[in-house]
Amino acid sequence: MSTPTFEQLLEAGCHFGHLKRKWNPAMAPYIFMERNGIHILDLNKTAVKLDEAAAALKSIAKSGKKVLFVATKKQAKQVVADKASQIGMPYVIERWPGGMLTNFPTIRKAVKKMTTIDKMTKDGTFDNLSKRERLQISRQRAKLEKNLGSIADLNRLPSALFVVDVMKEHIAVAEAVRLGIPVFAMVDTNSDPSNIDFVIPANDDASNSIEIVLDTLVAAMAEGLEERKVEKIDQEPEEAAAAPRGRRRVSRRNEEQAPAAEAEETPATEEAPAE
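Predicted model only: the values in this text are computed from it and were never measured.

A.B. asks: Let's hear about the pattern of salt bridges: which residues, and what values?
C.D. replies: Tallying each qualifying case throughout the model produces 13 salt bridges. Residue glutamate 223 is joined to lysine 58 by a salt bridge in which the shortest nitrogen-to-oxygen separation is 3.4 Å. You can see glutamate 223 sitting in helix H7 (residues 207-265) and its partner lysine 58 sitting in helix H2 (residues 43-62), a full 165 residues away along the chain. Taking the relative accessible area as the measure of exposure, glutamate 223 reaches 28% and is therefore partly exposed.

Right under this line is the structure:
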């Protein structure tokens, strides 16, 4: 797991904050200086926080849990979709469906509805409907796919949330905080980091800045997933070796019990009749 260098973060523009008049005082510990009315973030702290977040996400991925990526702003949509897909993690890049976490069963029903429509298409039920009904169902299916298709495999609440721009995704952050789900987020100088468990102070408006942060986190999670696979492979021979030993013990026990059982089943010889 490698953390980007100071020069790489600088080149990606991670240090650029917002105008001084738009800043949030809670971000003061992460601000290095002000230049031309714009706050400059301390990239040394960015590197440290990014390393901490990467280590935590690697541990989550290694344990087999899911992390939900959330980014609905234009410059982050495609980057998040591509990176999350690489490691098989769910993501939301369209409008955040209110209650997605706090009312998760309802969201799952909508996903199941999408599966039901697919079954109708396969078993021929769809062809028996009128043209108007088919059109309505097709539109409904397309809408569900656009909003919920990326979380179709999310069968339970995620173990963590990664957010780009906590101000824009404040509803998602609020739901995660309410449920006690850890939040990882890129936080700019105009945002409040108080509700974020793992703050990554960085420019959340530049696509290069978003990409370099995501590259680091996704690479760490990929390492965690790979280590999980290796551990599973190592455990299989141990389990296979342990199974025959158990069978041998059973067979020996059976062999010991067999003579006793035979002795009990053998009838006593009858005495010869007296002459």
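A.B. asks: Before we move on, could you go through the nonpolar core and cite the residues and values that matter?
C.D. replies: Val67, Phe69, Phe162 and Leu217 are the most contacted members of the largest nonpolar core, which totals 39 residues. Examining the composition of this core, we find that 9 residues originate from one element, H2, more than from any other. What phenylalanine 162 contacts, discounting residues up to four positions off in sequence, is Val67, Leu68, Phe69, Val70, Phe184, Met186, Ile200, Val213, Leu214 and Leu217. Residues Phe104, Leu148, Ala172 and Ile181 belong to the second largest nonpolar core, which totals 31 residues.

A.B. asks: Please set out helix H4 (residues 104-123) residue by residue, giving values where relevant.
C.D. replies: An α-helical segment advances 3.6 residues per turn. Residues three or four places apart therefore align on the same side. Compared with the 28 Å implied by 1.5 Å per residue over 20 residues, the 29 Å span of H4 between its first and last C-alpha is a close match. Buried positions along H4 lie against helix H5 (131-148).

A.B. asks: An account of the sheet that holds strand S8 (residues 198-201) is needed here, citing residue identities and associated values.
C.D. replies: If you walk across this open sheet you meet the 5 strands as S5-S4-S6-S7-S8, and the pairing is parallel. Of all the strands in the sheet, the pair left with one neighbour each is strand S5 (91-92) and S8.

A.B. asks: Report on the layout of surface pockets, specifying residues and quantitative values.
C.D. replies: A probe as big as a water molecule, rolled over the atoms, marks out the empty space that is left. Estimates place the volume of the largest pocket at around 240 Å³. Arg95, Pro97, Gly98, Ile107, Ala110, Lys113, Gln140, Lys143, Leu144, Asn147 and Leu148 are the residues that line the largest pocket. Every element with two or more residues in the lining of the largest pocket is listed here: H4 and H5. In terms of residue count, the dominant contributor to the lining of the largest pocket is H5 (5 residues). The residue makeup of the lining of the largest pocket, split by class, is 5 nonpolar, 3 polar and 3 charged.

A.B. asks: Can you lay out the packing of H4 against H5 for me, pointing to particular residues and giving the numbers?
C.D. replies: Taken N-terminus to C-terminus, the directions of H4 and H5 make an angle of 135 degrees; their axes are 10 Å apart at the nearest point. It follows that H4 is oblique to H5 by the angle criterion. Along this stretch, H4 crosses H5, giving a crossing that reads as left-handed. Each of Ile107, Ala110, Val111, Lys113, Met114, Ile117, Asp118 and Met120 in H4 lies in contact with H5, whose residues at this interface are Ile137, Gln140, Arg141, Leu144, Glu145 and Leu148. In the contact of H4 with H5, the residues fall into 9 nonpolar, 1 polar and 4 charged.

Reading guide: rules and limits
Residues numbered from 1 in each chain as written. Predicted model: local features only at pLDDT ≥ 70, side-chain atom pairs only at ≥ 80, totals over all residues. Heavy atoms only, no water. Salt bridge = Lys/Arg side-chain N within 4 Å of Asp/Glu carboxyl O. Helix = DSSP H or I, 4+ residues; strand = E, 2+ residues; numbered from the N terminus. Buried < 20%, exposed > 50% of the residue type's maximum accessible area, 1.4 Å probe, protein only. Core = buried A, V, L, I, M, F, W, Y, C linked by side-chain atoms within 4.5 Å. Contact = heavy atoms within 4.5 Å. Expected span 1.5 Å × (residues − 1). Pairing = 2+ DSSP bridges. 1 Å grid on protein atoms, 1.4 Å probe; cavity = no way out; pocket = protein on both sides within 12 Å on 5 of 7 lines; lining within 4 Å. Points joined across faces, edges and corners; volume = space filled by probe spheres on them. Nonpolar A, V, L, I, M, F, W, Y, C, P; charged D, E, K, R; others polar. Axes fitted to C-alpha atoms, helices over the stretch in contact; angles between N-to-C directions. Parallel < 35°, antiparallel > 145°, perpendicular 65-115°, else oblique. Left-handed = near helix turned anticlockwise from the far one by under 90°.

Note that all results are geometric; they support no functional claim without further evidence.
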